[in-house]
Amino acid sequence: MPSHPAFTSSSWIAAAHGGGKHSSAPAPHLRKTFIVPGPVASARLSVTALGLYECELNGHRIGDLVLTPGWTDYRFRLHYQTYDVSSFVSEGANALGAILGDGWYSGHIGWFPNRLLRQNYGDRPRLLAQLEITLKDGGTLRIATDSTWKVTQGPTLENDFMEGETYDARLELGPWSSPGYDDSAWLPVTPVEAPSADLIIAESPGPGVKRHEELVATLLPTKNANTRLFDFGQNFSGRVRLTVEAPAGTTIKLGHAEVLNPDGTPYYDNLRDAPSVDYYTCKGGAVETWEPRFTFHGFRYAEVSWLAEKHPLTLTGIALYSDIPSTGHFACSNPLLNQLQSNIVWSQKGNFLEVPTDCPQRNERLGWTGDAQFFVRTACFNRDVRGFFHKWMQDLRDAQLPGGSIPPFAPDASMGTGVVDGGPAWSDATIICPWTIYLCYGDTQILSDHYASMKAWLNDQKKERCIGYIRAHPDLDKWAGFGDWLGLDGRDHWKGSTPSEIIGTAFLAYDLDLMSRIAGVLGHAGDAKVYSAWRSEIVAAFQRRYLTAEGLLASGTQTSHVLALHFDLVPETHKATLAMALVRSLKERGFHLATGLVGTPYLLDVLQRHGHLDTAYKLLEQETHPSWLFPVKNGATTIWERWDGWSPEKGFQDKEMNSFNHYVFGAVGAWMYQTVAGLDLDPEDPGYRHIVFRPHPGGSLTWAEASLQTPQGEAAIRWDLEGDALKVKFTVPVGSRASFQPPSDFAGEVAAAYGPGQHELTLSRSPATT
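Residue positions are given per chain, counted from 1 along the sequence in the order it is written. Only residues with pLDDT of at least 70 get local features here, since the model is predicted, and only at 80 or more are side-chain atom pairs given and counted; chain-wide, interface and lining totals rely on the full set of residues. Derived side-chain values reflect all non-hydrogen atoms in the structure, with water molecules and hydrogen atoms excluded from consideration.

S.K.: Provide a residue-level description of the overall build of the protein, including the pertinent values.
M.R.: Counting secondary structure elements, the protein contains 14 helices and 39 strands. Viewed in the frame of its principal axes, the protein has a C-alpha envelope of about 85 × 65 × 60 Å. In this scheme, a residue with accessible area under 20% of its type's maximum is buried, one over 50% is exposed, and one in between is partly exposed, where area comes from a 1.4 Å probe on protein chains only. Taken across its 770 residues, the protein has 62% of its residues classed as buried. Should any heavy atoms of two residues lie within 4.5 Å, those residues are considered in contact. Contacts in the protein between residues at least 24 apart in sequence constitute 74% of all its contacts with a sequence separation of at least 6. Roughly 28,000 Å² of accessible area belongs to the protein as shown, and the carbon and sulfur atoms make up 50% of that amount. Each charge class in the protein was averaged separately, 65 positive and 85 negative side chains, and the resulting centres sit 1 Å apart. Under the scheme used here, helices are H or I runs from DSSP no shorter than 4 residues and strands are E runs no shorter than 2 residues, and both carry numbers assigned from the N terminus. Throughout, the Shrake-Rupley method with a 1.4 Å probe supplies accessible areas, and for residues the shown protein chains are the sole cover considered. Asp and Glu are treated as the negative residues and Lys and Arg as the positive ones, with His and the ends of the chain left uncounted. Throughout, a charge is located at the NZ atom of Lys, the CZ atom of Arg, the CG atom of Asp or the CD atom of Glu.

Right, dumping it as C-alpha cells:
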C-alpha cells in the first residue's frame, strides 16, 4: 500500500496484457463508476502512473499537461499530479477513467549498443489514483484505484516514444468515460504489486509538459502521387494533428524528418533506430481529426504515405515542451544573429521536455549532464527554468552512485551498463547548474538541497579520479570522459585534441571555486576554506604541469587556452600571452573556431575580457563553416549538433550522430545578452537585485537590445550607435538597483548607481579611438 497521504486507500492496477522487448501493446482504458449521494462542494483528483496517463471524468479530459506524470528514475522516485475537478463531479452517477501509455517506464529509452531498451523499469504501465470528494453537507467520498475497476483495449494499438503511435479509429470506444456507458464486456483490472517500499511518491517540483505553439504546414511538391510532403517551417519537438476525410479502413502513414535530402525527399538516416512513424486508420463517413497521445518526435517535415491523392488532408504541428515561460528577448541590427537567437530558443524549447535532452528525434533523448551545464546560463535568459532545474537536479541526485560519482545523464538510463561517471565537464553539472540557478534567481534552496550531493561528488573525484592535484583516472586504460566533444582539432572530430587531463583539472578548479562560494552562501565557513585551499593547490599543479617557461600552454588547442583563461588558472603576467596565442590560432584558421562542446561556451567571453572584442565579433558574425551563422545561412531553424551537420562540399555528416536540433552550441546566447546587449547580474548580489548594464558594441552592429523578466520584474536595455554617439536606454525594475559600465572607447556622464525606472544616456566615442 502506498505510504503517501494522497493515495492512502489506493492500490496499483493494470491491464492483464503488456508489450514485449520489441513491441508495444494496445493502450489500456480503465474506468470506475460511482454514485455521489448529494451536491458537491469540492473534489480533488490525485493521480500517477508507472508509464503515462491521461484521465477523464464524466467525459471531460482532466488538466492540460501531457506525458504525465513525467520521467524520473522509477526505481527510486515517482511524481504525481493533483487536479481540482470540482466542476466535473456532480450528484448522482459519475465515471472516472484513465488511458495508459508505455512512456519512459516500459517503452524505448536511450541508446546503447547491443541492448534492448524497452521495459527497462517494468513490463507494462500501471495506474494509481484517488479522488477525494467533499459534499456540501460536510460528508466525504473517496474513489480509489482497486480491483473493482474495469479495463479494455482501445484504438491506440501501439505507443512508443521512438517507434511512434498506431491508432485505429474504427476501434474507438465512444463515451467510455461517461456514466451510463455499457462496460459489460470490459474485464476486471489486474491488481499489481506495489513498487518497492522505498519508492518515494512526491508531487512534481517542476513544470509539466504542455502543448504550446501550433504550426501551419505548407504542402511541398513530390514525385509520388500517393505521397504528400509537408513543411512546418520550423524544426521542433511535438507531433502532428491531422484532419482527413477518407473511407473506413484507409491507413495513413506519417513519417517525421528534420531536413530533406538533395532530391527533396525526407532525410531519415539520422534517426538511427527510432522510426518515428505514426499510423492512423480512418473510421470513415465524415471528417475526422486525430493527434497522437503518448509519443513525440523531432521534425520539421512530415511525409504522408498510403493516402490517395483525392482524399483531403490538413496537418497542424503541435509543439510540446515543459511549461517554461518566456522571460528573455534579444535582438540586434544583424538579421542573421536574430535568426540565431530564434534557433537557440527553439532548440531549448524542443529539448527542455521533462529533462534537458540532447536531441528529440533519434533513439537517445537523454538528460545529458554536460549539455545542461554548458547551456544553463543561456537557458536562464530565454525561459523561466528555475523549477525545471529543481526537478532535474533531483534526478541527478537520484542518479548519483553510492560512492559519489555522477553518470553522464539523469535520469540514469544506463540501467547497469557500467557507465558510472560522466567524466570531465559532464559530471561537473552537479555543481555548475545549481550555482547558475542561484545566480539567476537568488535561489539558495537549490544549493542547500544539493549540497551533500556536491560534497560526495568532490570526495569521489579526489579519491578515485585524481592523481595528486591533476584530475585523471589512475587507471589510464579506463574511461577518461568525452574530451572536447566535437572539437574540430582532433583526427576523428569526436573528442578533439584537448587532453582530458587539462579539461578535468581546469573544471575541477572551477568547481572548487564555486563550491567555496556555495559553502559561504550556506554558512559553512570551514568548508569554504577547505575548498578554497584545495583549489589553490590545483591551480599550482596546473601551472607546473601545463604552463611553459615562455608563458604558453603545453597543449596548444583553442579549448586549452580558453579554459586556462576563463577559469583563471594562470598568473596575470601570462594572460596576455595566452590570449594572443588564442587569437593567432583563430586567425590562422581564417577567424574560425575549432572548439567543441567544452571550449565553445566560454570562447567569446575570454576574447572580450582579454582585450580582443574585435576577434570575438568576427567569430560571432562569421558566416562560413565552422561558425554559428553557417547553419543559419543554410536554412537552419534550430541549433545543429555538429558545426558541419551538412555542408555543400560533403553533404550530411556521419548519420550515427547528426542531430539538427541540439542546443549546446547555442550557449553563445548568454554572450549576446550579457556582452552584445549588455544585460548582466552581479554574483555578489544574485537574482538581479543588482543589475549590471555594460554593452560592448562591435562588429557590424548599429543597435542591440535585450530584456529579461527577473525575479524583481523586467530589466531592459537598448543601445543605438549613431556616428560617434552611443545612445543607451535601460530599465531597472522595482526591487533592484543598477550600475552602468560604459564601453572602454566611449565616455560620458555616468552615475554611480541607478534606481528603479527608465534611464537614458548619451556617450561619445573617445578621441583616441575615433
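S.K.: Explain a negative patch on the surface to me, and be specific about the residues and the numbers.
M.R.: The patch calculation keeps residues exceeding 30% relative accessible area without a salt bridge and links them within 9 Å when they carry like charges or within 5 Å when they are nonpolar (Val, Leu, Ile, Met, Phe, Trp, Tyr). Salt bridge, as applied in this entry: a Lys or Arg side-chain nitrogen positioned within 4 Å of an Asp or Glu carboxyl oxygen. Residues Glu158, Glu163, Asp273, Asp654 and Glu656 make up a contiguous surface patch of negative charge. Tracing the backbone shows Asp654 in the loop between strand 31 (651–652) and helix 14 (668–677). Given a relative accessible area of 30%, Asp654 falls into the partly exposed group.

S.K.: Tell me about the packing of helix 10 (residues 572–588) against helix 11 (residues 600–609), and name the residues and values.
M.R.: The contact between helix 10 and helix 11 brings their axes to 10 Å, and the two run at 120 degrees. In terms of orientation, helix 10 and helix 11 fall into the oblique class. Here helix 10 runs over helix 11; the crossing is left-handed. When helix 10 is examined against helix 11, the residues Leu582, Val583 and Leu586 are found in contact with a partner set consisting of Leu603, Val606 and Leu607. Polar here means any residue outside two lists: the nonpolar Ala, Val, Leu, Ile, Met, Phe, Trp, Tyr, Cys and Pro, and the charged Asp, Glu, Lys and Arg; Gly therefore counts as polar. Split into classes, the residues belonging to the contact of helix 10 with helix 11 amount to six nonpolar, no polar and no charged. Working convention: axes come from line fits to C-alpha atoms, limited for helices to the stretch in contact. Angles between N-to-C directions cover 0 to 180 degrees. To sort the angles, those under 35 degrees are grouped as roughly parallel, those over 145 as roughly antiparallel, those from 65 to 115 as roughly perpendicular, and the leftovers as oblique. In this scheme the crossing of two helices becomes right-handed for a clockwise turn of the near helix relative to the far one and left-handed for an anticlockwise turn of less than a right angle.

S.K.: How would you explain the layout of surface pockets if you had to name every residue and give the values?
M.R.: The calculated volume of the largest pocket comes to roughly 1,100 Å³. Tyr510, His566, Asp605, Arg609 and Gln674 are, among the 36 residues lining the largest pocket, the residues nearest its centre. Classifying every residue of the lining of the largest pocket gives 17 nonpolar, nine polar and ten charged. As defined here, a cavity is a set of points on a 1 Å grid over the protein atoms alone where a 1.4 Å probe fits but cannot get out. A pocket is an open set with protein on both sides within 12 Å along at least five of seven lines, and residues line them when an atom is within 4 Å of a point. Grid points are joined across faces, edges and corners, and a volume is the space filled by probe spheres set on the points.

S.K.: I'd like a description of the side chain of Asp102, backed by residues and values.
M.R.: Position of Asp102 among the secondary structure elements: in the loop between strand 8 (92–101) and helix 1 (103–106). The class for Asp102 is buried, based on a relative accessible area of 6%. A distance of 3.0 Å separates the side chain of Asp102 from the side chain of Ser24, its partner in a polar contact. For Asp102, the residues in contact, after removing those within four places along its chain, are Ser24, Ala25, Gly51, Gly107, Arg118, Pro125 and Asn159. Polar contact is defined as a pair of N or O atoms within 3.5 Å, subject to the rule that within protein one atom must be able to donate a hydrogen and the other to accept it, and that residues adjacent in sequence are counted only when both atoms are side-chain atoms.

S.K.: Account for the pattern of salt bridges, with residues named and values stated.
M.R.: Scanning the entire structure with this criterion turns up 47 salt bridges. In this structure, Glu291 engages Arg239 in a salt bridge whose closest nitrogen and oxygen atoms are separated by 2.9 Å. Separated by 52 residues along the polypeptide, Glu291 in the loop between strand 22 (288–290) and strand 23 (297–305) and Arg239 in strand 19 (residues 227–244) bring together distant segments of the chain. Assigned by exposure class, Glu291 and Arg239 land together as buried. Here Asp685 ties to Arg737 by a salt bridge, and the two come within 3.3 Å at their closest N and O atoms. One end of the pair, Asp685, is in the loop between strand 32 (679–681) and strand 33 (690–693); the other, Arg737, is in strand 37 (residues 737–740), and 52 residues separate them in sequence. Each of Arg272, Asp358, Arg362, Glu364 and Glu641 takes part in one network of salt bridges that share partners.

Shape descriptors only; they carry no functional weight alone.
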